[in-house]
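Below, each chain spelled out in residue letters.
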Amino acid sequence: MNYSPNHNSDDPLQKQTKTADNSHHESGGASFNNERSNYSVSQQRQDNTMSDSMNNDKRRSLTTYNHITYFLYVISYFTAGLLWIVPIVMNYAKRHDADGTWLATHFDWQIKTFWYSIVLFVIGIMIITFALGGFGVSMLADSDHIAIGSLLLAAFGFLIMIFTFVWHLYRIVRGWIALTDGRPVP
């Protein structure tokens, strides 16, 4: 027989040893299985404790991150909207880290608020531009009726822009309050 370390696993001696080990574990019965079971339970508790700790750290980190993005949205009002792009990029960068948590609603809330605000604001600008002749269509003519119609249309576009401004601010404040309270946003 060849007892070198390179021998095949089909060796009969190895099969006997494996069988003897298995019978030892089976006959060792309750004490071995009990120790093994206790070890796996304690290992699982340790893993759960570590997992909970990591989840708490991740949750705190994402909560702080969301506070920063809400803050940047508010600050963007004082920079004529120039900072709007920073929080939306930040939201897209960390959005998937929050999947399956209540914080995911805040990321989605901020992203939807951004895009709906952009669309509504652009619609308002387009209406004003069209009404005042910015697209090459001269609405302000010599006739008083056309001029009044153009000014009313421009006023409607301006109202859409004001509504968008107020709606955006409302959504940011509502979301930030919910985040501070530790609640998801609807």
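Residues numbered from 1 in each chain as written. Predicted model: local features only at pLDDT ≥ 70, side-chain atom pairs only at ≥ 80, totals over all residues. Heavy atoms only, no water.

A. Region of interest: the overall build of the protein. In terms of regular secondary structure, the protein is built from 4 helices and 0 strands. Counted from the first residue to the last, the protein has its helices and strands arranged as α-α-α-α. Scored against the burial criterion, the 186 residues of the protein give a buried share of 25%. Taking contacts inside the protein between residues at least 6 apart in sequence as the whole, the part at least 24 apart equals 63%. With an accessible surface of roughly 12,600 Å², the protein has 63% of that area assigned to carbon and sulfur atoms. (Helix = DSSP H or I, 4+ residues; strand = E, 2+ residues; numbered from the N terminus. Buried < 20%, exposed > 50% of the residue type's maximum accessible area, 1.4 Å probe, protein only. Contact = heavy atoms within 4.5 Å. Areas by Shrake-Rupley, 256 points an atom, 1.4 Å probe, with all protein chains shown as cover.)

B. Geometry of the nonpolar core. Counting residues in each nonpolar core, the largest one holds 19 residues, and the members touching the most others are Y70, Y73 and A98. Of the residues forming this core, the biggest block, 6 residues, is contributed by helix α3 (residues 103-131). Leave out the neighbours within four places in its chain, and Y70 touches H106, W109, Q110, I172, G175, W176, L179 and V185. (Core = buried A, V, L, I, M, F, W, Y, C linked by side-chain atoms within 4.5 Å.)

C. Molecular detail of the confidence of the model for the protein. Per-residue confidence for the protein averages 77 on the pLDDT scale, and 64% of its residues sit at or above 70. Mean pLDDT in the protein bottoms out at helix α1 (residues 12-76), which sits at 64, and peaks at α3, which reaches 94. Residue range residues 1-28 is modelled with pLDDT below 50. Its contacts to residues more than four positions away, or to other chains, number 10 contacts. (pLDDT = per-residue confidence, 0-100.)

D. Focus on the environment of R171. Examined against the element boundaries, R171 turns out to sit in helix α4 (residues 144-181). For R171 and Y70, which are 101 residues apart along the polypeptide, the C-alpha to C-alpha distance reads 10.0 Å. Every residue in contact with R171, bar those within four places of it in the chain, is listed here: W109, K112 and T113.

E. Broad picture of the side chain of S76. Checked against the element boundaries, S76 lands in helix α1. A residue is classified by how much of its surface remains accessible, and S76, at 1% relative accessible area, is buried. In this structure the side chain of S76 is engaged in a polar contact, spanning 2.5 Å, whose partner is the backbone oxygen of Y73. Dropping the residues within four chain positions of it, S76 is found in contact with G81, L82, L83 and W84. (Polar contact = N/O pair within 3.5 Å; in protein donor to acceptor, adjacent residues only side chain to side chain.)

F. Highlighting a nonpolar patch on the surface. A cluster of nonpolar residues, F158, L159, I162, F165, V166, L169, V173 and I177, forms a patch on the protein surface that exposes about 710 Å² of accessible area. Summarising the element assignment, L169 is placed in helix α4. (Patch = residues over 30% accessible without salt bridge, like charges linked within 9 Å, V, L, I, M, F, W, Y side chains within 5 Å. Salt bridge = Lys/Arg side-chain N within 4 Å of Asp/Glu carboxyl O.)

G. Region of the structure containing the packing of aromatic side chains. What the rule picks out here adds up to 6 aromatic pairs. A ring pair is formed by F114 and W115, whose centres lie 4.9 Å apart and whose planes are at 80 degrees; its orientation type is edge-to-face. Look at Y116 and W167: their rings are 6.3 Å apart centre to centre, the planes differ by 50 degrees, and that puts the pair in the tilted class. Note that Y116 is positioned in helix α3 and W167 in helix α4, a separation of 51 residues in sequence. (Phe/Tyr/Trp six-rings, centres within 6.5 Å; stacked < 30°, edge-to-face > 60°.)

H. Local environment of the pattern of salt bridges. This structure, assessed with the given rule, holds 4 salt bridges. Across the salt bridge formed by D97 and K94, the nearest N and O atoms sit 3.6 Å from each other.

I. A look at the side chain of H106. Relative to the helices and strands, H106 is located in helix α3. Judged by its relative accessible area of 0%, H106 falls in the buried class. Setting aside anything within four residues of it in sequence, one finds H106 in contact with N66, Y70, G175, A178, L179, R183, P184 and V185.

J. Fine view of the packing of helix α2 (residues 85-94) against α3. Look at α2 against α3: their axes get within 10 Å of each other, and the N-to-C directions meet at 140 degrees. Between α2 and α3, the angle is such that the two are oblique. The crossing of α2 and α3 is left-handed. Where α2 abuts α3, its residues I88, N91, Y92 and K94 lie against F107, Q110, I111, F114 and W115. (Axes fitted to C-alpha atoms, helices over the stretch in contact; angles between N-to-C directions. Parallel < 35°, antiparallel > 145°, perpendicular 65-115°, else oblique. Left-handed = near helix turned anticlockwise from the far one by under 90°.)

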